[in-house]
Amino acid sequence: MLFKNIFLSTIMILIVCMAIWANVVNDKRDVIVYEDLNYLTLNYIDLDSLKINLVENKFIIDSLFNQEFSFTKLEKHLENIDYFDNSNVYRTVDSKINLQINEKDAVMFLEYQNRYVDSKGKMIPLSKIYRPETVYFVGQIDSINLINALEVSSQIKNDDFLNKHIDYIFLDSIHMNLKPVNENFLINFGNFKRISSKLKKYKIFYAAKYKSDLFSTVKNINLSFKNQVVIEKLKQ
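Please read these numbers as outputs of a predicted model, since none were measured by experiment.

**Considering unusual backbone geometry**
When glycine is set aside, most residues are seen to have a negative phi, and most peptide bonds are trans. The phi dihedral of lysine 58 falls on the positive side, at around 65°, and the residue is not glycine. With respect to the helices and strands, lysine 58 occurs in the loop between helix 2 (47-56) and strand 1 (60-61). Positive phi, close to 55°, is recorded for arginine 194, a residue that is not glycine. Judged by its relative accessible area of 32%, arginine 194 falls in the partly exposed class.

**Quick look at the packing of helix 4 (residues 143-157) against helix 6 (residues 195-209)**
For any two helices packed against each other, the geometry is given by the interaxial angle and the distance between the axes. Relative to each other, helix 4 and helix 6 sit at 40°, their axes nearing to 10 Å. One element, helix 4, and the other, helix 6, form an angle in the oblique class. As for the relative orientation of helix 4 and helix 6, their crossing is right-handed in sense. In this structure, helix 4 uses Asn148, Glu151, Val152, Gln155 and Ile156 to contact helix 6, whose residues at the interface are Ile195, Ser196 and Leu199. Looking at the contact of helix 4 with helix 6, its residues break down into 4 nonpolar, 3 polar and 1 charged.

**With respect to the pattern of salt bridges**
Counted according to the given criterion, the structure contains 4 salt bridges. Between aspartate 85 and lysine 120 there is a salt bridge; the shortest N-O distance is 3.1 Å. Here aspartate 85 is found in strand 3 (residues 84-91), whereas its partner lysine 120 is found in the loop between strand 6 (115-118) and strand 7 (123-124), with 35 residues between them in sequence. The class of aspartate 85 is buried, set by a relative accessible area of 17%. Here aspartate 105 ties to lysine 157 by a salt bridge, and the two come within 2.9 Å at their closest N and O atoms.

**Thoughts on the nonpolar core**
Looking at soluble globular proteins, one finds that nonpolar side chains tend to be buried together. Residues Met108, Ile156, Ile169, Met176 and Leu178 are the most contacted members of the largest nonpolar core, which totals 32 residues. The residues touching isoleucine 169, leaving out its near neighbours within four places in the chain, are Met108, Val135, Tyr136, Phe137, Val138, Ser153, Ile156, Met176, Asn177 and Leu178. In terms of nonpolar packing, the next biggest core, distinct from the first, is built from 26 residues, Phe69, Leu78, Ile97 and Ile124 among them.

Rules behind the numbers
All chains use their own residue numbering, which begins from 1 and follows the written sequence. In keeping with the predicted nature of the model, local features appear solely for residues at pLDDT of at least 70, side-chain atom pairs appear and are counted solely at 80 or more, and the whole-chain, interface and lining totals rest on all residues. Heavy atoms from the whole structure form the basis of all side-chain values; hydrogens and water molecules are not counted. Runs of H or I in DSSP of at least four residues are treated as helices and runs of E of at least two as strands, each being numbered from the N terminus. A simple rule labels every residue: compare its accessible area, found with a 1.4 Å probe on the protein chains alone, to the largest value its type can have, and call it buried under 20%, exposed over 50%, or partly exposed in between. For helices, the fitted axis covers only the stretch in contact; all axes are lines through C-alpha atoms, and the angles between them, taken along N-to-C directions, range from 0 to 180 degrees. To sort the angles, those under 35 degrees are grouped as roughly parallel, those over 145 as roughly antiparallel, those from 65 to 115 as roughly perpendicular, and the leftovers as oblique. Two helices that cross are described as forming a left-handed crossing if the nearer one is turned anticlockwise from the farther one by less than a right angle, and a right-handed crossing if clockwise. Contacts are assigned to residue pairs that have any heavy atoms within 4.5 Å of one another. Gly is put with the polar residues, along with every residue not named as nonpolar or charged; the nonpolar set is Ala, Val, Leu, Ile, Met, Phe, Trp, Tyr, Cys and Pro, and the charged set is Asp, Glu, Lys and Arg. A pair is scored as a salt bridge if a Lys or Arg side-chain nitrogen falls within 4 Å of a carboxyl oxygen belonging to Asp or Glu. Here the nonpolar core consists of buried residues drawn from Ala, Val, Leu, Ile, Met, Phe, Trp, Tyr and Cys, with membership extended through side-chain atoms lying within 4.5 Å.

Structural data, given as structure tokens:
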């Protein structure tokens, strides 16, 4: 019985000690200096600009993180920066504060707004130091068609051939059109159904015919029809 009481007392003491240690570590916020942010890799803005932003908003004071700041508040602040998608602020095992920042991934450039847009439809302003490789969209587009156009753009961007082959895209009424680089014809994409199938169909057709003289006589390539490619030739 005595041994059991001693054992329980020891466990309770350990629990209390661990709780005290955790509180001490949690309260220790001024252990990281700005130079430690050099582990971050950012494209749209440089680290100096990020530091200035954090200083102006009082997250950094005298090259140290403010002792009073909240992790959640800093994360929300970072995610309100137009270039950032999400963030995670955490403490390392040696009590240093680390920032993990994921930038927005631009998949399309909207000419009429002079801004980029990511796959979620979030806008991205122009950057002074970075120009992402994206699909160029000419003309205006509403919010409903934008989401569909972004799916087309994402698949184009993620395909090595199409990413180099497609110059720009645009909407004609409610139908999507693609303009290839160094070609005089248009690709009539039609509606937004069977996006992957249409792009694959075009790639197969182009690969089979590009060595011939066919494309010099073509005005439009229509992908709207299932399991076939319909061409419209230039008038003689």
